[in-house]
Amino acid sequence: MRGLLRLTWLEAKIFVREPLGFVSSVLVPVAIFLIVGRSFGPAADRSPGAQQFLARDLPLFVSIFISINAALSLIAVISVYREGGILKRLRATPLRPAVILGAHVLVKLGFTGLSLALTWVAGRRFYPVPLHAHVGGFTLAVIVTTVAILTMGFVVASMVGTARFAQLIGSLVFYPMLAVSGMFVPLASLPPPWAQLGAVLPLTHAVALLRGAWAGESWPVMAPHLGVLALTIAICLALTSRVFRWE
Amino acid sequence: MPPLEQHAAPAAGIAPPPASGAPGARVIEVAHLRKLYGATVAVDDVSFDVYQGEIFGLIGPNGAGKTTTLECIEGVRRADAGRTTVLGLDPVRNANELQKRIGVQLQQAQLQKRIRVREAVDLWAALYPRAVDGRALLEQLGLTEKRNASFMSLSGGQKQRLFIALALINDPEVVFLDELTTGLDPQARRAIWELVKGIRARGKTVFLTTHLMEEAERLCDRVAIIEHGRLIEMGAPAELVRRHCPERGVVFTGEHAGLAPDLETIPGADSVRVEGTTYTVQGHGDDFVTAVIRFVAGRALTVRDFRTVIPTLEDVFLKLTGHAIRD
């Protein structure tokens, strides 16, 4: 436990020292939120579509975007650490393997939280419409969603060979999944095969869970989505423990 | 499984542990170690013991199986067959217990680019139940002024010294060093050698791998030569040289011509080559060089240059394998 906290704190400090990584995964989503939000300007007052986009869809997109960013960053870090022999070196200590990887999950969760908090604070000041979300439920949903996406990131990180393509491969896994997740187009409006594909992908349930939690949906209603995400986490952890390569 | 003793010595006439003092306790026991990568046999039936307080070197060319053997012993890698114990522990089953008692430096390992020297030492110190004072350790290794430097800003020698610091932070009983000085300049290399001797001086056991024969010769109490995954010879460097390359050479330059016939009568002399007044006398046996000195002194020859050409581990390797270690 002591090792986990020390390693987590150290990795967090190291992450902040890499200016590019910090800016792209923590500050860029905030910037996107504000820039896209404000670009609607006065149009938001008139069209109900724009109104819903600003009040619900953009914040949801930004929060899932932050989680995916965290996973991409996780994949990059893990593959760089593997390529440099850092994982191997850490493993030749009393640190348990789960602790070495767990520290990165905690770091990413922490920065996801920071990024979301910044988004929230900046949104109150600069966003064109007021945001009404059920903060408690939404926070919980964000945590579950982010952990699920991060564990999927571990599976991807287990598969990519070199650090060079890690982030590209990660993007190719996550963004197409997002495209059929109902985030942008409701599943019902997608062509049937795409809708069926979307229905079984974890990101679809992540989006549904976030949307439900945002609106203050009751937990029994969201239970199926929670279940799928919990299953995703379990499967990804089991896969990771089997196929993860340390060098 | 039969008793280890019968199998621990694949080569005949294994040298005893360090000549100085009584043999220490057996710290590492490796018997019939075997490791495959797919269909490739990386390590094949390797057996040896390492004793407390010695510097033991596993030597051989790149790709011979040194690192694989080492990593199986450290518990970083799982062997396919054979029995290995370190401090009486199984490196895989008792990995956690073992990690606390050994220190490890891995070949080509890095740390996080932006981790600071001080942070790395503090983290490592926190991971072990017992740790030495990191500040004093960095002082000893000449890294004090680099305490706040990031890992990526260190030179190759500084990185290796940091890795030695990390390997020593838990006051380990056995220290494993894999190709410690590869890529370092001669000066940094010598400095590292002194550090390793210092580890032995504190009563620790050192297990190292190297493909540098000079390093093995200068540093190791005993070496095991490995090639194509098989252990082909083991013993103290000087003893291996005596055993496999008993020939000695003496080269001297004087002012006298026509000494060749007399030089050939020196006990142990095999051949004499003459270039002007420079004589190269080849012979064998421990007394051969003394005999040449007696010859020169007995005739009151004036000698401007006198040197011996003694075979090295490099020559032993060449003799045993038929090729130079760098081929």
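Residues numbered from 1 in each chain as written. Chains lettered and ligands numbered in written order. Predicted model: local features only at pLDDT ≥ 70, side-chain atom pairs only at ≥ 80, totals over all residues.

Draft legend 1. Structural context of the overall build of chain A. On a plain count of helices and strands, chain A comes out with 10 helices and zero strands. Scanning chain A from its N terminus toward the C terminus, one meets helices and strands in the order α-α-α-α-α-α-α-α-α-α. The C-alpha atoms of chain A give a radius of gyration of 18 Å, which matches the 18 Å a tight globule of 247 residues would have. Across its three principal axes, chain A shows a C-alpha extent of roughly 60 × 40 × 35 Å. Across the 247 residues of chain A, 43% fall into the buried class. Residue pairs at least 24 apart in sequence account for 78% of intrachain contacts in chain A once pairs closer than 6 positions are excluded. (Helix = DSSP H or I, 4+ residues; strand = E, 2+ residues; numbered from the N terminus. Rg over C-alpha atoms; globule rule 2.2 N^0.38 Å. Buried ≥ 20, exposed ≤ 12 C-beta atoms within 10 Å, placed from the backbone. Contact = placed C-beta atoms within 7 Å.)

Draft legend 2. Expanded view of the domain arrangement of chain B. Segmentation of chain B into domains returns domain 1 (4-242) and domain 2 (246-310). Computed over C-alpha atoms only, the centres of domain 1 of chain B and domain 2 of chain B are separated by 42 Å. (Domains from an automatic or database assignment.)

Draft legend 3. Examining the pairing of strand β11 (residues 269-275) of chain B more closely. Residues and elements named next belong to chain B. Bridge analysis of β11 against strand β12 (residues 278-284) gives six bridges, and the strand direction is antiparallel. Within the sheet, the bridge partner assigned to E275 lies in β12 and is T278. A loop of two residues connects β11 with β12, the two strands running antiparallel in sequence, and G276 in this loop sits at a positive phi of about 65 degrees. (Pairing = 2+ DSSP bridges.)

Draft legend 4. Local environment of the sheet that holds strand β2 (residues 40-51) of chain B. Residues and elements named next belong to chain B. On the basis of which strands lie adjacent, the open sheet formed by three strands has the order β2-β1-β4 and antiparallel pairing. Each edge of the open sheet carries a strand with a single partner, namely β2 and β4 (81-86). Taken over all neighbouring pairs, the strand axes of this sheet differ in orientation by 15 degrees on average, direction set aside. Here strand β1 (residues 26-37) runs beside β4; their pairing, made up of five bridges, is antiparallel. Each bridged residue has a counterpart across the sheet, and for V30 the counterpart in β4 is T84. Here helix α1 (residues 66-74) sits on the sheet in contact with β1, β2 and β4, set at roughly 120 degrees to β1. (Axes fitted to C-alpha atoms, helices over the stretch in contact; angles between N-to-C directions.)

Draft legend 5. Representation of the sheet that holds strand β10 (residues 247-254) of chain B in the model. Residue and element names in this part refer to chain B. With antiparallel pairing, four strands are arranged side by side in an open sheet as β11-β12-β10-β13. Looking at which strands have only one partner, the edges of the open sheet turn out to be β11 and β13 (303-309). The sheet shows a mean angle of 15 degrees between the axes of neighbouring strands, direction not considered. One ladder, built from seven bridges, connects β10 with β12; its direction is antiparallel. In the strand pairing of β12, V250 is matched with V281. Strand contacts of helix α10 (residues 288-298): β10, β12 and β13, with the helix running at about 20 degrees to β10, the strand carrying the most contacts.

Draft legend 6. Expanded view of the environment of T144 of chain B. Residue placement: T144 of chain B occurs in the loop between α4 (134-140) and α5 (156-168). With sequence-adjacent residues up to four places away left out, T144 of chain B is seen in contact with L138 and E139 of chain B.

Draft legend 7. Layout of the interface of chain A and chain B. Contacts between chain A and chain B engage 18 residues on the former and 20 residues on the latter. Those elements that provide at least two residues to the side of chain A that touches chain B are α1 (2-17) and α4 (86-91) of chain A. The biggest single contributor to the side of chain A that touches chain B is α1 of chain A, with seven residues. For the side of chain A that touches chain B, the per-class residue count stands at seven nonpolar, four polar and seven charged. (Nonpolar A, V, L, I, M, F, W, Y, C, P; charged D, E, K, R; others polar.)

Draft legend 8. Fine view of helix α9 (residues 202-215) of chain A. Residue and element names in this part refer to chain A. For α9, built from 14 residues, the straight-helix expectation of 20 Å at 1.5 Å per residue is met to within 8% by its first-to-last C-alpha distance of 20 Å. Within α9, 12 of the 14 residues are buried, leaving the element largely enclosed by the surrounding structure. Against the buried residues of α9 lie α3 (48-83), α6 (135-159), α7 (163-179), α8 (192-200) and α10 (219-243). (Expected span 1.5 Å × (residues − 1).)

Draft legend 9. Highlighting the packing of helix α3 (residues 117-127) of chain B against α5 of chain B. Residues and elements named next belong to chain B. For the pair α3 and α5, interaxial distance at closest approach is 9 Å and the crossing angle is 20 degrees. Taken together, the axes of α3 and α5 lie roughly parallel to each other. In this structure, α3 crosses over α5, and the sense of that crossing is right-handed. Contacts between α3 and α5 involve V117, A120, V121 and W124 from the former and L162, A165 and L166 from the latter. For the contact of α3 with α5, the per-class residue count stands at seven nonpolar, no polar and no charged. (Parallel < 35°, antiparallel > 145°, perpendicular 65-115°, else oblique. Left-handed = near helix turned anticlockwise from the far one by under 90°.)

Draft legend 10. How the structure looks around the pairing of strand β3 (residues 55-59) of chain B. Residues and elements named next belong to chain B. With respect to burial, β3 is a largely interior element, five of its five residues being buried. Alternating positions in β3 separate into two faces, I55, G57 and I59 on one and F56 and L58 on the other, with burial throughout. Inspection of the sheet shows β3 paired to strand β7 (residues 205-210) by five bridges, in the parallel sense. Looking at β7, one finds that G57 is bridged to L208. The pairing of β3 with strand β8 (residues 222-227) spans four bridges and is classified as parallel. Each residue of the ladder has a partner; that of G57, found in β8, is V223.

Draft legend 11. How the structure looks around the nonpolar core. A71, I75 and L209 of chain A together with A120 and A165 of chain B are the most contacted members of the largest nonpolar core, which has 146 residues in total. A total of 17 residues in this core trace back to one element, the largest contributor, which is α3 of chain A. Setting aside residues no more than four positions away along its own chain, L209 of chain A makes contact with A141, V144, T145, M222, H225, L226 and L229 of chain A. Counting residues in each nonpolar core, the second largest holds nine residues, with V250, F252, F288 and V292 of chain B among its members. (Core = buried A, V, L, I, M, F, W, Y, C linked by C-beta atoms within 7 Å.)

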